[in-house]
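# Fold and contact review
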Amino acid sequence: MRRFVQAFVGVDSFPAALPGDVSAALATAKACYNIGKDGHAWVWAAGAAGPQTTTVVAEMQWGLVPRWSKHPSTPYTTVTARLERAPRSRLFADAWSKRRCIVPMTGYFKWDRQRRPPWPMFVQRQDGLALLAAGLWEHWQDEAGDMRDTFSILTDGNPSIPAPLSADGPVFVEPAAAAAWLRGELTHPAQLRRHAHTAVLEAAYVGLGIRDPQRDDYTLLEPADPDARGADDALSDWDGDALDDDA
């Protein structure tokens, strides 16, 4: 998963059980249709675990940078973190124990690798409501005062992802489990996995425009026929960043 969408038309875009202040804050976010690595997105984040946990809706950069890093970037891809490995990872362990977040999304792009060449599909809830993905966040700051908040999305096997796509993707939760995650009540991968829940999903082929990181408009969600002439409307010098890692 290397591209996702946040385009919320109002508070009705979210599951009803999501806290009203969170829905209201997210509903004001600018619509973004092609969020990729180093792009910015809105997240619902908690800064400490326990009963006194406070949460905030904030804009953060996608691609977690650990606070011990000397640079505001890493040589590794940190847009996603595998659920089973994250608590033991030098990159993610501190955030796992102290800084959790929920990343709401209208949907995300995933590549059908059974096709030759692979082709992107847009995955979303069948009922049109926002998906809530469990994630981790981190605050980075250097001695000169440059600072940024960054996040990563947890991934795991997910049999709810429709064929022909591979059954692997973000760890989605419903509002009650999202709140428990933010409070630090789900301390082990197995616990989060048991509380994960994915509503019925649907997926449709879209054009190759998402390969261009400069494109950001609703036409990226328009259905496309991979076999039709002219379906490839993206840049020819694409660097491959939009292609996810799923086998």
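Scroll up a little and you will see the structure.
Figured I'd write up the structure that's included with this text.

What counts as what
- Residues numbered from 1 in each chain as written.
- Predicted model: local features only at pLDDT ≥ 70, side-chain atom pairs only at ≥ 80, totals over all residues.
- Heavy atoms only, no water.
- Helix = DSSP H or I, 4+ residues; strand = E, 2+ residues; numbered from the N terminus.
- Contact = heavy atoms within 4.5 Å.
- 1 Å grid on protein atoms, 1.4 Å probe; cavity = no way out; pocket = protein on both sides within 12 Å on 5 of 7 lines; lining within 4 Å.
- Points joined across faces, edges and corners; volume = space filled by probe spheres on them.
- Nonpolar A, V, L, I, M, F, W, Y, C, P; charged D, E, K, R; others polar.
- Pairing = 2+ DSSP bridges.
- Axes fitted to C-alpha atoms, helices over the stretch in contact; angles between N-to-C directions.
- Buried < 20%, exposed > 50% of the residue type's maximum accessible area, 1.4 Å probe, protein only.
- Arc of directions from axis to C-beta.
- Polar contact = N/O pair within 3.5 Å; in protein donor to acceptor, adjacent residues only side chain to side chain.
- Core = buried A, V, L, I, M, F, W, Y, C linked by side-chain atoms within 4.5 Å.
- Phe/Tyr/Trp six-rings, centres within 6.5 Å; stacked < 30°, edge-to-face > 60°.
- Lys NZ or Arg CZ within 6 Å of the ring centre and 35° of its normal.

### Description of the environment of Leu64
Mapped onto the fold, Leu64 is located in the loop between β4 (55-62) and β5 (80-82). Aside from chain neighbours lying at most four places away, what touches Leu64 is Thr74, Thr78, Leu91, Phe92, Ala95, Leu136, Trp137, Glu138, Thr150, Phe151 and Ser152.

### Description of empty space enclosed by the protein
Counting across every chain of the model gives 1 cavity of 30 Å³ or more. Size it by volume and the largest cavity reaches roughly 40 Å³. Every residue lining the largest cavity is listed: Pro15, Arg125, Ala130, Leu131, Leu132, Phe172, Val173, Glu174, His197 and Ala199. The class makeup of the residues in the lining of the largest cavity is 7 nonpolar, 1 polar and 2 charged.

### Some points on the sheet that holds strand β1 (residues 3-6)
In any sheet, the strands associate via hydrogen bonds between backbone groups, in a parallel or an antiparallel arrangement. Ordered in space as β2-β1-β7-β8-β12, the 5 strands form an open sheet in which the pairing is antiparallel. The strands lining the two open edges of the sheet, one partner per strand, are β2 (32-35) and β12 (201-205). Geometrically, the sheet is characterised by an average inter-axis angle of 30° between neighbouring strands, direction not taken into account.

### Some details on helix α1 (residues 20-27)
Along α1, the residues that are buried comprise Val22, Ser23 and Leu26. Down the axis of α1, the buried side of the element spans an arc of 100°, and every buried residue falls inside it. Across from the buried face of α1, at angles greater than 90 degrees, the exposed residues are Gly20 and Asp21. If you follow the buried residues of α1, they end up packed against β3 (40-46), β4 and β6 (100-105).

### Topic: the side chain of Asn34
Note that Asn34 resides in strand β2. Taking relative accessible area as the criterion, Asn34 reaches 8% and is therefore assigned buried. From its side chain, Asn34 meets the backbone oxygen of Ile210 in a polar contact 3.5 Å long. Among the polar contacts made by the side chain of Asn34, one reaches the main-chain carbonyl oxygen of Arg215 at a distance of 3.0 Å.

### Re the nonpolar core
Judged by nonpolar contacts, the single largest core of 31 residues is most densely connected at Trp44, Ile102, Leu136, Leu154, Trp181 and Leu192. When residues of this core are traced back to their parent elements, those giving at least two are α1, β3, α2 (93-98), β9 (131-141) and α3 (175-182). If one sorts the elements of this core by residue count, α3 sits on top with 5 residues. Membership of the second largest hydrophobic core comes to 25 residues, among which are Ala41, Val43, Val123 and Ile161.

### Re the pairing of strand β8 (residues 119-125)
Within β8, 6 of the 7 residues are buried, leaving the element largely enclosed by the surrounding structure. As paired strands, strand β7 (residues 107-112) and β8 are joined by 5 bridges and run antiparallel to one another. Residue pairing for β8: Asp112 is matched across the bridge by Trp119. Hairpin connection, β7 to β8: the antiparallel pair is bridged by 6 residues. Note: β8 against β12, 5 bridges, orientation antiparallel. Paired with Met121 across the strands is Tyr205, a residue of β12.

### Section: the packing of aromatic side chains
For the structure shown, the criterion picks out 6 aromatic pairs. Look at Phe8 and Phe14: their rings are 4.7 Å apart centre to centre, the planes differ by 50°, and that puts the pair in the tilted class. Each member of the pair Phe8 and Phe14 is classed as buried. Taken together, Phe4, Trp62 and Phe151 form an aromatic cluster joined through their ring pairs. Across the ring face of Trp181, the terminal group of Arg100 is positioned such that the distance to the ring centre comes to 4.0 Å. Just above the ring of Tyr205 sits the side chain of Arg115; from NZ or CZ to the centre is 5.7 Å.

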